[in-house]
Structures are given as C-alpha cells and as structure tokens.
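Report on the structure
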Amino acid sequence: MNDPTTIRRLYGRRQGHKLRAGQAALVEDLLPRLQVPDDRPLETRALFGDDRPLEFEIGFGAGEHLAAQAEARPDRGFIGCEPFLNGVVGALGHIRDRGLNNVRLHMGDALTVLERLPDDSLDRVYLLHPDPWPKARHAKRRMVNPGPLDLIAAKLKPGGEFRLGTDDPTYCRWSMMVMNGRADFVWQARTATDFLTRPADWPETRYERKARRQGHEVWYFRYRLDAKTAC
Ligand SMILES: C[S@@+](CC[C@H](N)C(=O)[O-])C[C@H]1O[C@@H](n2cnc3c(N)ncnc32)[C@H](O)[C@@H]1O
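Bear in mind that the values here come from a model prediction, so they are computed numbers and not experimental data. (Residues numbered from 1 in each chain as written. Predicted model: local features only at pLDDT ≥ 70, side-chain atom pairs only at ≥ 80, totals over all residues. Heavy atoms only, no water.)

A short note on the overall build of the protein chain
- Each helix and strand in the protein chain was counted, giving 9 helices and 7 strands.
- Against the compact-globule benchmark of 17 Å for 231 residues, the protein chain has a radius of gyration of 17 Å, which places it among compact chains.
- Expressed as lengths along the three principal axes of its C-alpha atoms, the size of the protein chain is roughly 45 × 40 × 35 Å.
- Going through the 231 residues of the protein chain one by one, you find that 50% of them count as buried.
- Residue pairs at least 24 apart in sequence account for 78% of intrachain contacts in the protein chain once pairs closer than 6 positions are excluded. (Helix = DSSP H or I, 4+ residues; strand = E, 2+ residues; numbered from the N terminus. Rg over C-alpha atoms; globule rule 2.2 N^0.38 Å. Buried < 20%, exposed > 50% of the residue type's maximum accessible area, 1.4 Å probe, protein only. Contact = heavy atoms within 4.5 Å.)

Below you can see the structure in the form of structure tokens.
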C-alpha cells in the first residue's frame, strides 16, 4: 500500500485494565487456537477446512457484532482484527459463550492481514465506528482513505459488500466525499431511511449503543464493489 494520503501506523491504546484470571486464561488457551496463522497463506480452506464465503471485520472493538454475525451465519467464515487486548478478550468471551467455530482473530493491524489474503476472496468487509480522527491534521490516520480502500477493493469479490458505520458527523461527511469519488464502490442507499436506519442484519456495536445513548445520530453505509476499476 503506497499511498501518500494515508498513514499506516497503529494509534490508540493496546491495553486497558489488567485482565482478570479468567480473561488471561482465554488469551492463553483460546486465542492461540483461533489466531490467524502468520506462517501460512490465508486461504479459506486453510482457515476453515472448506471453501465457505469469507467476511472480515476491521477493528471489532469488543466483538459483539463479529460474534452476532458469525452466530447468525454459521456457514460463513469470519476474520476479525483488533489491536486492543481487552477488546480481543471480549470477543473471545462471546466466541466461547456461543460455541462459535467459524471465527478467526488477529490481535493487531487489520491491514497487514488484509494484505495477505488472496485478491477477490472476501464477500463482506465491515468497518464499524472507526476511530474518527476529527482534526483535519489527523485526516491521514483515517481508515477511510485511498490506501485502505484500494486494499479492501482488491480483496473483495466483485459484487462483495463494504459496510461502514459511524456516528461522527465529520467522518460521515468525509466518508461520503471519499467514497463518492470512487468508481469501484456503489452506494446501495435509495432513500435516506436506508442509511439512517440500522439494517436488520447489522447487529449493534458497543460504540453505536454508546452513541445512541448520548443522543448522536448514526449512519449506516453499504457499498457494493462493482468493478475493479482504477480510481
Ligand atoms: C471507536 S472503536 C469501534 C469499535 C467497534 N467497531 C464498535 O463499533 O464498537 C475503533 C476500533 O478500531 C480499532 N483499530 C484502530 N486501528 C485499527 C487497525 N489498523 N486495525 C484493526 N483495528 C483497528 C481500535 O483499536 C478500536 O477498537
């Protein structure tokens, strides 16, 4: 990814409160069994034992959306990436409690995993409430930028879906501007209701709930990858 408009670096906390014994045990015992391998090609068959459709969540937070999607569609494989240890612990708890066997996790930068996936391998990519970086001088840190979007476009199958949710007005405007400038992604909204109302198959995330509690509006964007055209 060679894109001067995007900074490729991880920002933010990697760990919050100290883990309790049960949480530390999840990281020690369950995480190694679910971890995205770093020594093998990331093909669906190698990850899940068959050629099931694959979905990918960038920055899953505490993993409630990832787990709910995986539970709703057990015939699909899910890869979730999140650098924040306490968030990964949350996801591990959901995976254990719901007995999910169709989720793989990476504790770290989602873009490094995306880069390793074969092109045209993903049916869906989720980016829900990405860190907003509201100051203009931090715009290069935003995930919605040409570099990450080119990567997402390369890894999605034609016809695949990119879902973006945000409650940040600056990020909303920014995303519309960046996405509307692209020839490859087609916005699926026909009416305002389509992006002001959470679709039934879009489980709520922790940040979304927090935003609603604070009286913020939330925007739900769905894009279809139409063609692999250069932008
Ligand atoms: C505002 S939180 C939203 C979390 C969750 N998606 C939600 O809606 O509740 C943004 C998350 O993105 C994660 N993140 C930031 N940069 C990332 C990257 N390069 N790869 C994966 N996750 C990242 C952060 O650690 C944080 O948990």
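Back to the write-up after that little detour.
Digging into the sheet that holds strand 7 (residues 219-225)
- Pairing is mixed in the open sheet, where 7 strands are placed in the order 3-2-1-4-5-7-6. Of all the strands in the sheet, the pair left with one neighbour each is strand 3 (103-106) and strand 6 (185-187). The sheet shows a mean angle of 20 degrees between the axes of neighbouring strands, taken without regard to direction.
- Pairing between strand 2 (residues 77-81) and strand 3: 4 bridges, direction parallel. Bridge pairing in strand 3 links G80 to L105. (Pairing = 2+ DSSP bridges. Axes fitted to C-alpha atoms, helices over the stretch in contact; angles between N-to-C directions.)

Quick word on the site of the ligand
- Taken together, the neighbourhood of the ligand is formed by 17 residues, with G59, E82, D109, L128 and T205 sitting nearest.
- A distance of 2.7 Å separates a nitrogen atom of the ligand from a polar backbone atom of L128.
- Bound to the protein, the ligand loses 89% of the 600 Å² it would expose on its own.
- Of the residues contributing to the shell around the ligand, the split by class is 8 nonpolar, 5 polar and 4 charged. (Near = heavy atom within 4 Å. Polar contact = N/O pair within 3.5 Å; in protein donor to acceptor, adjacent residues only side chain to side chain. Areas by Shrake-Rupley, 256 points an atom, 1.4 Å probe, with all protein chains shown as cover. Nonpolar A, V, L, I, M, F, W, Y, C, P; charged D, E, K, R; others polar.)

Structural notes on the packing of aromatic side chains
- By the definition in use, this model includes 9 aromatic pairs.
- Aromatic pair W187 and F221: ring centres 5.5 Å apart, planes at 45 degrees, arrangement tilted. Here F221 lies in strand 7 and W187 lies in strand 6, a separation of 34 residues in the sequence.
- A residue is classified by how much of its surface remains accessible, and W187, at 25% relative accessible area, is partly exposed.
- With a centroid separation of 6.2 Å and 15 degrees between ring planes, the pair formed by F221 and Y223 is classed as stacked. An identical accessibility class is assigned to F221 and Y223; each is buried.
- Pairwise contacts between aromatic rings join F162, F185, W187, F195, F221 and Y223 into one cluster. (Phe/Tyr/Trp six-rings, centres within 6.5 Å; stacked < 30°, edge-to-face > 60°.)

Topic: unusual backbone geometry
- Positive phi, close to 55 degrees, is recorded for D120, a residue that is not glycine.
- Here D120 is to be found in the loop between helix 5 (110-116) and strand 4 (122-128).
- Looking at D120, the relative accessible area reads 40%, which means it is partly exposed.
- Positive phi is not limited to glycine here, since W133 has a value of about 40 degrees.
- Within the secondary structure, W133 is located in the loop between strand 4 and helix 6 (146-155).

Structural notes on the pairing of strand 5 (residues 156-166)
- Where burial is concerned, most of strand 5 is hidden: 8 out of the 11 residues are buried.
- The parallel pair strand 4 and strand 5 is bridged by helix 6, and the resulting crossover is right-handed.
- Pairing geometry for strand 5 and strand 7, over 6 bridges, is antiparallel. Paired with L164 across the bridge in strand 7 is F221. (Right-handed = clockwise from strand over helix to strand, strands pointing away.)

A short note on helix 3 (residues 64-72)
- Most of helix 3 sits inside the fold, with 7 of its 9 residues counted as buried.
- Of all the positions in helix 3, only E64, H65, L66, A67, A68, Q69 and A70 are classed as buried.

Things to note about the pattern of salt bridges
- Considering all chains together, one arrives at 19 salt bridges under this definition.
- Close ionic contact of R40 with D39 constitutes a salt bridge, the shortest N to O distance being 3.7 Å.
- Judged by relative accessible area, R40 falls into the partly exposed class, the value being 45%.
- Overall, the relative accessible area of 62% leaves D39 in the exposed class.
- When the shortest N-O distance is used, the salt bridge between E204 and R209 registers 3.0 Å.
- With relative accessibility at 37%, the residue R209 sits in the partly exposed group.
- Salt bridges linked by common partners bring R124, E161, R163, D201 and R222 together as one network. (Salt bridge = Lys/Arg side-chain N within 4 Å of Asp/Glu carboxyl O.)

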